[in-house]
Amino acid sequence: MFTLQLFSFLFSKTQEEPTKKFKVDSFLHTMCLHDDQLRDISARFQAEMKKGLSAESNAAAAIKMLPTHVRSTPDGSERGQFLVLDLGGSEFKVLRVNVREGMGIRRGGVEMEERSYPIPQELLVGRGAELLDHVSESLKDFLHEKNISLEMKHPLAFTFSFPCELSSLDQGSLLSWSKNFRARGLQGKDVVQALRDAIGRTGGMNTEVLAMVNDTVATMMTCGFEDKYCEVGLIIGTGTNACYMEELRHIDLVEGDEGRMCVNTEWGAFGDDGALSDYVTEFDREVDAASNNPGKQIFEKMVSGMYLGELVRLVVLKMATLGLLFAGHVSNTLRTKGKVTIAHVAAMEEYKHGVENTRLILTDLDLTPSLDDCIAVQHVSTIVSFRSSNLVAAGLAAILTRIKQNRKLRTFRITVGVDGTLYKTHPQYPKRLHKVVQRLLPEYQVRFVLSDSGSSKGAALVTAVAQRLASQKRKVDETLSLFRLSSEQLQLVKARMRAGLEAGLRGEGPSEIKMLPSFVSRPPDGTEHGKYLALDLGGTNFKVMLVNFKKGLQPSSQVYHKIYTIPLEKMQGTGEELFDHLAECVSDFLDYMGIKNARLPAGFTFSFPCEQTAIDAGTLVSWTKGFKATDCEGHDVVDMLRDAIKRRNEFELDIAAVANDTVATMMSCAYEEPQCEIGLIAGNGTNVCYMEELKNIKTTEQKKRQMDDGSDGERKAGDARIQTMCINTEWGGLGDHGSLDELITPYDAEVDLNSLNPGNQRFEKLAGGMYLGEVVRQTLLDLTSRGLLFRGNVTDALKTPGIFQTKYLSQIESDRMALLQVRSILQGIRLDSTCDDSIIIKEVCGAVSRRAAQLCGAGMAALVEKIRENRGLDHLNITVGVAGTLYKLHPHFSEVLQETARVLAPQCHVTFVQSEEGRGKGAALITAVTRQKEEM
């Protein structure tokens with residue numbers, strides 16, 4: 001009879017269905033949540049997440065946001081065989097999991113053998129030690145059954161699906177039980193250690209517990225093995241929870257700020273502090289009051305499978321009591337707690353057989369339902385379960401919004417790994433959840449993936465990933481140790497630099513360090529005045545300046561300049577073409593300033609090794625920094641520029657001085673700082689100059705000529721006058737004869753081999769900005785070929801020389817640079833990195849740049865110690881003028897350099913002053929000093 005009624009109902013339009021549904025809707029209107037309410041709940045959840053992540057507010061937070069110490073999702077290279085214990089319900093599983101390595105994500109595979117063991121009811125509420133003894137004995141039984149060796153050590157992963165506070169991957173204290181577990185003596189204790197103790201009591205097994213994870217984390221890891229975008233795990237079953245990959249810098253409870261870590265939200269406790277009080281219904285309060293943990297896990301009690309059946313029962317009971325169902329009849333079975341389960345809810349909402357299933361379920365409750373009663377109860381079930389999916393969608397929207405905001409992404413693609421009986425067995429639940437998430441986050445690309453044996457497989461993968469990361473870190477550290485200089489090595493560099501300086505001054509045989517006289521005999525004294533041109537060539541740019549020095553109590557200067565690019569074809573063409581281009585740039589500047597007819601004295605900063613025979617004569621020894629113009633080496637660069645100017649026949653220029661950029665930097669800083677007697681360049685290249693006592697310079701006959709014509713400088717020492725001259729050391733050549741071979745890495749050797757001047761400027765290739773990016777690239781190339789980076793994928797971009805510019809080191813190493821920005825920089829050069837890759841790349845950059853700064857610091861220590869000993873001082877105070885983009889822009893280079901110099905030269909107090917407009921202004925000052933000397 002009922003079947004005929006049902007058939008008739010389904011194929012006719014009665015007026016009673018909407019009336020009955022309307023009554024249910026009215027009765028349960030507080031459970032029917034619209035989108036604005038869901039967005040409000042999502043915003044509250046986001047606030048609770050932030051509260052839980054903060055060390056200051058975590059104790060008061062309902063959502064604990066527990067760090068899991070899982071720092072990476074799988075990349076497909078994991079491998080190994082693991083035992084897994086999965087404890088989280090009325091039975092637990094023991095598994096053997098074999099993770100096979102593949103070439104990248106999806107190509108590996110996981111094989112599993114498992115057995116389930118029931119947990120007697122008395123153990124759920126007995127002593128914790130007895131519960132874990134049962135787990136341990138079942139593990140031993142499994143090993144026997146599968147003929148697994150008891151002597152061989154087996155790595156073991158533990159899925160423990162209860163709230164735990166982890167201090168490491170293999171150490172965590174139980175915060176509270178849930179899901180009807182009440183075992184005594186474990187709460188507040190280290191569960192991993194308790195498990196180890198139980199295994200020890202059982203005896204006869206050789207296991208190593210490497211990781212304990214929540215089932216939510218394990219689900220994310222399982223799905224992450226198949227989908228690289230999976231960074232969220234979601235459980236919707238007997239209980240509910242979610243985890244996701246959070247930026248480490250936001251997790252106050254864990255040290256460090258590099259990379260990401262999976263956070264177990266424990267979102268079931270959302271609302272425990274009253275945050276959901278205006279959404280909690282009388283039925284929720286009744287379920288909570290009758291639970292084993294009143295006032296706890298409020299959100300879980302509103303959405304999880306363990307409680308939905310009971311919510312439906314209470315609603316139906318109340319409606320029946322009010323006479324809205326079953327003609328007011330209430331059976332004793334309907335009054336009995338637990339008689340409606342999540343399986344009943346799922347059955348009632350089946351598409352084709354839901355009404356018939358509802359009739360059967362209600363009949364089992366000793367009720368005699370009408371067709372309208374069945375439809376009404378089915379609608380109750382739908383509203384209760386729909387509210388569950390809505391609330392889960394609101395929480396998930398909060399998590400996804402936070403991830404997107406953390407990473408400052410315009411478009412956002414992410415995968416959510418899902419597990420749990422409610423999601424798996426309820427016929428409508430997944431579709432409802434997906435649709436609501438899409439509606440709340442219309443611009444997000446969210447994919448849901450159902451976990452395959454999530455908890456167990458995931459726990460093994462957590463362990464496999466941990467082993468991979470540990471192995472990877474060990475190998476990366478071994479590689480980077482090649483760049484890490486010990487105190488002994490730094491002392492060696494200092495000693496070799498000192499020996500090189502002395503050998504260069506003596507001029508006895510070939511020397512790695514040239515020690516070239518600059519013919520600058522004194523620093524400026526503030527009396528310089530007048531207008532001077534300054535020409536500055538030292539890299540890919542040529543700078544022309546007009547400098548006007550003014551005398552007074554506080555000497556000052558005005559500077560006007562224009563910068564011109566040197567095309568690569570000029571840098572590596574003929575010398576005549578290069579100098580013609582320089583003359584053309586000077587002509588343009590004179591036109592620009594309207595001074596083409598004024599024959600101004602000019603200083604020429606020429607930042608390449610030159611053998612000077614006078615202040616206005618310098619023979620190029622060798623090109624550096626990528627220049628390779630022909631017919632220049634061995635020629636006077638001042639004469640070449642003068643000849644180019646004559647060929648233009650447009651203007652005249654009185655080139656009164658030529659100087660290295662290092663000398664110009666020292667002169668520029670000395671104009672402001674009288675104690676400045678050293679110039680340092682730390683940019684594309686590196687070099688140093690200083691004021692040396694003339695008596696120590698034994699290179700050529702220039703010393704004698706300088707003394708004879710009286711043009712040398714003087715420095716007071718007591719009552720004596722000490723004659724001095726600035727020496728351009730060209731310290732970049734240290735190591736050209738093998739003195740630094742112990743420090744040369746294979747990556748340095750590769751950079752040198754592929755440079756324009758193999759075997760030359762070895763110190764500069766270790767410390768100069770022009771080379772650091774390429775050293776980093778060679779290191780990354782090697783790490784990638786060994787499978788430690790970019791999943792072993794050696795791309796064309798990574799094989800491109802020069803693609804990793806030194807400016808990227810400065811950007812990547814910035815303290816304010818988040819890993820997301822690091823990834824953005826790398827993507828700009830076609831290097832698609834993961835978060836883990838970015839951490840390693842940042843470490844490589846740091847190792848290479850720190851070594852460069854330490855080498856410069858050791859060289860500086862050698863120089864200031866030499867000056868101190870020259871002057872017979874117990875303590876030296878001296879100032880160094882510094883120029884160069886590496887020193888100026890790199891976030892840590894200057895600090896490391898100064899600290900190294902301080903430690904290696906403790907009797908010297910060295911002040912470092914950055915040069916402003918240093919090289920050009922310095923050349924103008926050299927010209928002004930020279931002119932003043934000629935006028936005297």
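Because the structure is a prediction, the values reported are computed rather than measured. (Residues numbered from 1 in each chain as written. Predicted model: local features only at pLDDT ≥ 70, side-chain atom pairs only at ≥ 80, totals over all residues. Heavy atoms only, no water.)

Q: Would you mind going over helix α19 (residues 575-593) with me for this structure?
A: Within an α-helix, residues lying three or four positions from one another point in the same direction, as the helix has 3.6 residues per turn. With 19 residues, α19 should cover 27 Å at 1.5 Å per step; its first-to-last C-alpha distance of 27 Å lies within 8% of that length. Taken together, the buried positions of α19 are occupied by G575, L578, F579, H581, L582, A583, C585, V586, S587, F589 and L590. In the core, the buried residues of α19 are packed alongside β15 (530-537), β16 (541-550), β17 (556-565), α18 (568-571), β18 (601-606) and α20 (637-648). Positive backbone phi, at 70°, marks G594, one or two positions downstream of α19. (Helix = DSSP H or I, 4+ residues; strand = E, 2+ residues; numbered from the N terminus. Expected span 1.5 Å × (residues − 1). Buried < 20%, exposed > 50% of the residue type's maximum accessible area, 1.4 Å probe, protein only. Contact = heavy atoms within 4.5 Å.)

Q: Would you mind showing me how to read the packing of aromatic side chains here?
A: Here a ring pair, both rings aromatic, is described through the centre-centre distance and the interplanar angle of the planes. Scanning the model with the defined rule gives 25 aromatic pairs in all. Pairing Y532 with F549 gives two aromatic rings, centres 6.0 Å apart and planes at 55°, and the pair type is tilted. Of this pair, Y532 sits in strand β15 while F549 sits in strand β16, placing them 17 residues apart in sequence. Classification of Y532 by relative accessible area gives buried; the value is 7%. One aromatic cluster in this structure is built from F158, F160, F162, W177 and F181. Sitting above the plane of the Y592 ring, K562 keeps its charged end 4.6 Å from the centroid. (Phe/Tyr/Trp six-rings, centres within 6.5 Å; stacked < 30°, edge-to-face > 60°. Lys NZ or Arg CZ within 6 Å of the ring centre and 35° of its normal.)

Q: How should I be thinking about unusual backbone geometry in this particular structure?
A: Positive phi, normally seen in glycine, also occurs at M65, with a value near 50°. Among the structural elements, M65 can be located in the loop between α3 (35-53) and β1 (66-67). Its relative accessible area of 1% is what places M65 among the buried residues. With a phi close to 65°, D366 is a non-glycine residue in the positive phi region. Residue class for D366 comes out partly exposed when judged on its relative accessible area of 49%.

Q: Help me understand the pairing of strand β3 (residues 91-100), please; the structure alone is not making it clear to me.
A: Each regular strand displays side chains that alternate between the two surfaces of the sheet. Two elements, strand β2 (residues 80-87) and β3, share eight bridges in a ladder whose sense is antiparallel. Among the inter-strand pairings, Q81 is bridged to a residue of β3, identified as N98. In this sheet, strand β4 (residues 109-118) lies alongside β3 in antiparallel orientation, the contact comprising 10 bridges. From the neighbouring strand, K93 faces β4, where its bridge partner is S116. (Pairing = 2+ DSSP bridges.)

Q: Explanation requested: the sheet that holds strand β12 (residues 412-419) in the structure shown.
A: Through backbone hydrogen bonds, the strands of a sheet pair up, either in parallel or in antiparallel fashion. Taken in spatial order, the six strands make up an open sheet running β1-β11-β10-β9-β12-β13, and their pairing is mixed. Lying at the two open borders of the sheet, with one neighbouring strand each, are β1 and β13 (444-450). The sheet contact formed by strand β10 (residues 240-247) and strand β11 (residues 260-264) spans five bridges and is antiparallel. Residue pairing for β11: E247 is matched across the bridge by R260. With respect to the sheet, helix α7 (residues 215-226) is in contact with β9 (230-236), β10, β11, β12 and β13, its orientation differing from that of β9 by roughly 130°. Helix α15 (residues 429-440) contacts β9 and β13 of the sheet and is inclined by roughly 160° relative to β13. (Axes fitted to C-alpha atoms, helices over the stretch in contact; angles between N-to-C directions.)

Q: What's the story with the side chain of D836 in this structure? I'm lost.
A: Along the chain, D836 turns up in helix α28 (residues 835-870). Look at D836: it is buried, it has no salt bridge, and the nearest opposite charge is R468 at 4.6 Å. The contact partners of D836, leaving out residues within four places of it in the chain, are R71, S72 and L469. (Lys, Arg positive; Asp, Glu negative; His and termini not counted. Salt bridge = Lys/Arg side-chain N within 4 Å of Asp/Glu carboxyl O.)

Q: What am I meant to see in the environment of S481 here?
A: Locating S481 in the fold gives a position in the loop between α16 (454-480) and α17 (487-506). For S481, a relative accessible area of 38% gives the class partly exposed. For the pair S481 and A862, spaced 381 residues apart in the sequence, the C-alpha separation amounts to 24 Å.

Q: Would you mind going over α20 with me for this structure?
A: Its 12 residues place the ends of α20 17 Å apart at the C-alpha level, agreeing with the 16 Å of an ideal helix rising 1.5 Å per residue. Along α20, the positions that sit buried rather than exposed are V637, V638, M640, L641, A644 and I645. Within α20, the buried residues cover an arc of 165° as seen down the axis, which keeps them to one side. Residues of α20 that are buried make contact with β15, α19, β18, β19 (610-614), β20 (617-620) and β21 (654-659). (Arc of directions from axis to C-beta.)

Q: What is the right way to read the sheet that holds β15 from this model?
A: Overall, mixed pairing links the five strands, which are arranged β17-β16-β15-β18-β21 in an open sheet. A strand with exactly one partner marks an edge of an open sheet, and here the two such strands are β17 and β21. If you compare each strand with its neighbour and ignore which way they point, the axes differ by 20° on average. Taken together, the eight bridges between β15 and β16 define a ladder with antiparallel strand orientation. Residue pairing in the sheet places G530 in a bridge with F549 of β16. Sheet strands in contact with α19 are β15, β16, β17 and β18, and its direction is about 130° off that of β17. α20 contacts β15, β18 and β21 of the sheet and is inclined by roughly 150° relative to β21.

Q: How do you make sense of a negative patch on the surface when you look at a structure like this?
A: Residues E569, E576, E577 and D643 make up a contiguous surface patch of negative charge. On the accessibility criterion, E577 (39% relative accessible area) is partly exposed. (Patch = residues over 30% accessible without salt bridge, like charges linked within 9 Å, V, L, I, M, F, W, Y side chains within 5 Å. Areas by Shrake-Rupley, 256 points an atom, 1.4 Å probe, with all protein chains shown as cover. Charge placed at Lys NZ, Arg CZ, Asp CG, Glu CD.)

Q: Just to check I follow, could you spell out the pattern of salt bridges for this structure?
A: Two side chains bearing opposite charge may form a pair once their charged atoms approach each other closely. Applying the stated criterion to the full structure yields 52 salt bridges. A salt bridge links R115 to D141; the shortest N-O distance between them is 2.7 Å. In this pair, R115 sits in strand β4 while D141 sits in helix α5 (residues 128-145), placing the two residues 26 residues apart along the sequence. The exposure class of D141 is partly exposed, given its relative accessible area of 31%. Measuring nitrogen to oxygen at the nearest pair gives 3.5 Å for the salt bridge that ties R762 to D752. Of the two residues, R762 sits in helix α24 (residues 762-767) while D752 sits in helix α23 (residues 746-753), which places them 10 residues apart along the sequence. Classification of R762 by relative accessible area gives buried; the value is 13%.

Q: Is there a simple way to think about the packing of α28 against helix α30 (residues 893-904) in this case?
A: A pair of packed helices can be characterised by two numbers: the angle between their axes and the separation between those axes. Between α28 and α30, the least distance of the axes is 7 Å, while the angle of their chain directions is 40°. The pairing of α28 with α30 is recorded here as oblique in orientation. Considering the relative orientation of α28 and α30, their crossing is right-handed. Facing α28, whose interface residues are S849, R850, A852, A853, Q854, C856, G857, A858, M860 and A861, α30 presents F893, V896, L897, T900, A901 and L904. (Parallel < 35°, antiparallel > 145°, perpendicular 65-115°, else oblique. Left-handed = near helix turned anticlockwise from the far one by under 90°.)

Q: Would you explain the environment of T729 in this entry?
A: Its location among the elements puts T729 in the loop between β25 (720-728) and α23. Spatially, the C-alpha atom of T729 lies 5.5 Å from that of C689, the residues being 40 residues apart in sequence. With residues near it in sequence (within four places) discarded, T729 still touches L501, I513, K514, M515, N687, V688, C689 and Y690. Within the local environment of T729, its side chain forms a polar contact with the backbone oxygen of V688, the two atoms lying 2.6 Å apart. (Polar contact = N/O pair within 3.5 Å; in protein donor to acceptor, adjacent residues only side chain to side chain.)

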